[in-house]
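# Analysis of the macromolecular model
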Amino acid sequence: MAEVRTAAAGTPGRGYWRLPHVLTVAGSDSGAGAGIQADIKACGAAGVYCSSVITALTAQNTIGVQRVCSIDENMVAEQLRSVLSDMQVDVVKTGMLPSAGVIKVLCQNIKEFPVRAVVVDPVMVSTSGDLLSGPTTLTGLQQELLPLADIVTPNLKEASALLGGISLNTIDDIVLLLNPYMNMELALANMYTWYRNVLVKGGDLPNSLDAIDIFYDGENFHELYGPRRMTRNTHGTGCTLASYIAAELAKGFSMLQAVQEAKTFVDSALLHSQDLMIGKGPQGPFHHLFRQQSIPSQKPRFDAKHLLLYAVTDSAMNRKWGRSISEAVEASIEGGATIVQLREKEAEAGEFVEATMECLDICRTSGVPLLINDRIDIALACDADGVHLGQTDMPAGLARKILGPSKIIGVSCKTAEQAQKAWADGADYIGCGGVFPTTTKQDNLTVGLEGLRTVCLASQLPVVAIGGINSGNVQSVMQLGLANLKGLLLCLGFLTRSV
Ligand SMILES: Cc1ncc(COP(=O)(O)OP(=O)(O)O)c(N)n1
Ligand SMILES: Cc1ncsc1CCOP(=O)(O)O
Ligand SMILES: [Mg+2]
């Protein structure tokens, strides 16, 4: 049903084919969770072509809407004509319509270029609570666009605004308001509003454990139940639901089937995106194209919890204690190390390889990652878990090319610029220090607690604090309260003598 093949004039043996086509008329969301961007992704996920007429630009992220800029109605009209006059649109879906003028030109175009269905998502307020259209648009919606709509998909606030401000708190409130037989007076007052199908999204219903939507098809009520997903990533669910309905209608499904498919799709997308982390704000986007996820597109994430107690080998210390590198590593893991770095400045390659192989055996048994200081060649040859690189070592971007996506790369940083570059180069963590003066590394510039704070704030990468850390000053490091400061580095000599 999703594709239509027709004979191609003049090309024997071949057929042109077309995809069902939804045109979305909506605002752009720079964060791409909602608006035009969500509509295109939702239609793509449904296997439907989606063209777009942009009615407004929003500067928007997971924190909220920072700015809205409406597109001039003549430009909207021009875009509508370009698409509708040429591209065989099956269904028009509308989202943010910022002015009465835009609604007018939209209605003119829908009348001039009829389509199979019109889906109206009456976007008035963003999920973050920001106003996306002015009061004059309400009249335009009610009197001009809704009479052309095959389905309207308001949330509770929008349904209430369309109904003159009546508050909707329970399913019974909604049923009563939608049913013309139960409330003749209101039905008459809202004759423009409840013209055909209405889907009231009950996501905001107070005291509801489920995500219940009420679908009224002009005759019957359908209560559509779905589990309430406990996730911050709900930005764009309204746009997505309406677009998916439009896509299913474009394929030829009935209105009830389209609504049910759309609800199932949104629920699955939320489930797959429960722990997705994009942005720092309270409302994140979800992953529309989760069904394509089997393609290995991501580098496995380094788990920052490994940085908690970071042990580094020190040859002078080993000589003093009369032990081998692997004995020191074994003792450090017994002492609680969660990651180990072999920092062997004096070892020849052969000796370094041998020590690495022995240490890898020990570390793998304990599930502790083993990194190599400076020497990408040794890490690669021995299949160690990664490397730690300084500012004068090979740049992290190049090391990533050599080591591939799955190896851990740490970079030493003393400044905000270095921290930002480490992130851009694809590093997994930052080592920042010396926080305090150290005797382990000669002529090492001390950055202090302030330097550590600067580096942490400049990057989203996890940071391990390094240099001169001991039981007397560890408290002052912890007290900084920096969210991405994930661990402390100690030289093996200290770790094996209980700190
Ligand atoms: C975790 C961690 N952080 C910083 C360093 C220092 O690395 P670098 O600046 O390359 O100095 P050397 O260790 O090579 O002398 C580190 N090794 N580990
Ligand atoms: C590699 C390195 N670079 C700066 S300090 C240090 C080693 C850890 O320092 P400390 O022995 O003072 O904990
Ligand atoms: Mg180095």
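Cut-offs and rules
- Residues numbered from 1 in each chain as written.
- Chains lettered and ligands numbered in written order.
- Predicted model: local features only at pLDDT ≥ 70, side-chain atom pairs only at ≥ 80, totals over all residues.
- UniProt positions renumbered as here; feature names shortened; annotations may be inferred.
- Near = placed C-beta within 6 Å.
- Nonpolar A, V, L, I, M, F, W, Y, C, P; charged D, E, K, R; others polar.
- Pairing = 2+ DSSP bridges.
- Helix = DSSP H or I, 4+ residues; strand = E, 2+ residues; numbered from the N terminus.
- Expected span 1.5 Å × (residues − 1).
- Buried ≥ 20, exposed ≤ 12 C-beta atoms within 10 Å, placed from the backbone.
- Core = buried A, V, L, I, M, F, W, Y, C linked by C-beta atoms within 7 Å.
- Contact = placed C-beta atoms within 7 Å.
- pLDDT = per-residue confidence, 0-100.
- Axes fitted to C-alpha atoms, helices over the stretch in contact; angles between N-to-C directions.
- Parallel < 35°, antiparallel > 145°, perpendicular 65-115°, else oblique.
- Left-handed = near helix turned anticlockwise from the far one by under 90°.

As annotated in an unreviewed UniProt entry, the chain carries the name Thiamine-phosphate pyrophosphorylase and is attributed to Vanilla planifolia. The UniProt entry for the chain carries this comment under Cofactor (unreviewed entry): "Mg(2+)". Taken from UniProt, the Function (unreviewed entry) comment for the chain reads in full: "Essential for thiamine biosynthesis. Bifunctional enzyme that catalyzes the phosphorylation of hydroxymethylpyrimidine phosphate (HMP-P) to HMP-PP and condenses 4-methyl-5-(beta-hydroxyethyl)thiazole monophosphate (THZ-P) and 2-methyl-4-amino-5-hydroxymethyl pyrimidine pyrophosphate (HMP-PP) to form thiamine monophosphate (TMP)."

## Digging into the site of ligand 1
As a structural note, the neighbourhood of ligand 1 is formed by 16 residues, with His388, Gly390, Ser412, Gly431 and Ile466 the closest of them. Of the residues contributing to the shell around ligand 1, the split by class is five nonpolar, seven polar and four charged.

## Focus: the pairing of strand E11 (residues 221-224)
The pairing of strand E10 (residues 213-216) with E11 spans four bridges and is antiparallel. The partner of isoleucine 214 across the bridge, within E11, is glutamate 223. Here E10 folds back onto E11, and the loop between the two strands holds four residues, one of which, glycine 218, carries a positive phi near 95 degrees.

## Here we look at unusual backbone geometry
Following glycine 433, the chain continues into glycine 434 via a peptide bond in cis, with omega recorded as -5 degrees. Along the chain, glycine 434 turns up in the loop between strand E17 (429-433) and helix H16 (448-458). With a phi close to 55 degrees, aspartate 383 is a non-glycine residue in the positive phi region. Residue position: aspartate 383 is located in the loop between helix H13 (376-382) and strand E15 (386-389).

## Examining the site of ligand 2
In the vicinity of ligand 2 there are 14 residues, among which Thr438, Thr440, Lys441, Gly467 and Cys491 approach most closely. Here the residues of the shell around ligand 2 are counted per class, giving six nonpolar, seven polar and one charged.

## Some details on helix H8 (residues 237-251)
The end-to-end C-alpha distance of H8, which contains 15 residues, comes to 21 Å, matching closely the 21 Å that a straight helix rising 1.5 Å per residue would cover. Across the 15 residues that make up H8, a large majority, 15, are buried. One or two steps after H8, the chain reaches glycine 252, where phi turns positive at roughly 110 degrees.

## Some details on the pairing of strand E18 (residues 463-466)
Consecutive side chains along a regular strand alternate between the two faces of the sheet. Along E18, one buried face is formed by Val463 and Ala465 and the opposite face, lined by Val464 and Ile466, is buried too. Sheet topology note: the E17/E18 ladder contains four bridges and is parallel. Paired with glycine 431 across the strands is valine 464, a residue of E18.

## Some thoughts on the nonpolar core
By size, the foremost hydrophobic cluster in this structure holds 69 residues, and its most contacted members are Val22, Val91, Leu106, Val119, Ile245, Ala246 and Ala247. Looking at this core, the element that brings in the most residues is H8, giving nine residues. Beyond its immediate chain neighbours, meaning those up to four positions away, alanine 247 contacts Val22, Ala42, Cys43, Ala46 and Val48. Ranked by size, the runner-up nonpolar core spans 60 residues in total, among them Leu342, Val411, Tyr429 and Ala458.

## Observations concerning the confidence of the model for the chain
Looking at the chain, the pLDDT average stands at 87 and 86% of residues meet or exceed 70. Overall, residues 1-12 carries pLDDT values under 50, and its contacts beyond four positions in sequence, including any with other chains, amount to 18 contacts. Listed scores for the predicted complex are pTM 0.62 and ipTM 0.92.

## Concerning the sheet that holds strand E8 (residues 151-152)
Spatial strand order, E5-E4-E3-E6-E7-E8-E9-E10-E11: nine strands in an open sheet with mixed pairing. Both edges of this open sheet fall to strand E5 (65-70) and E11, since each of them pairs with a single strand only. Together, strand E3 (21-29), strand E4 (49-60) and strand E6 (91-94) form the strand contacts of helix H1 (residues 35-46), whose direction differs from that of E3 by roughly 150 degrees.

## Quick word on the packing of H1 against H8
As a packed pair, H1 and H8 sit with axes 8 Å apart at the nearest point and diverge in direction by 40 degrees. In this view, H1 runs oblique relative to H8, as classed from their interaxial angle. The crossing of H1 and H8 is right-handed. For the pair H1 and H8, the contacting residues are Gly35, Ala38, Asp39, Ala42, Cys43 and Ala46 in the first and Cys239, Thr240, Ser243, Tyr244, Ala247 and Glu248 in the second. The residue makeup of the contact of H1 with H8, split by class, is seven nonpolar, three polar and two charged.

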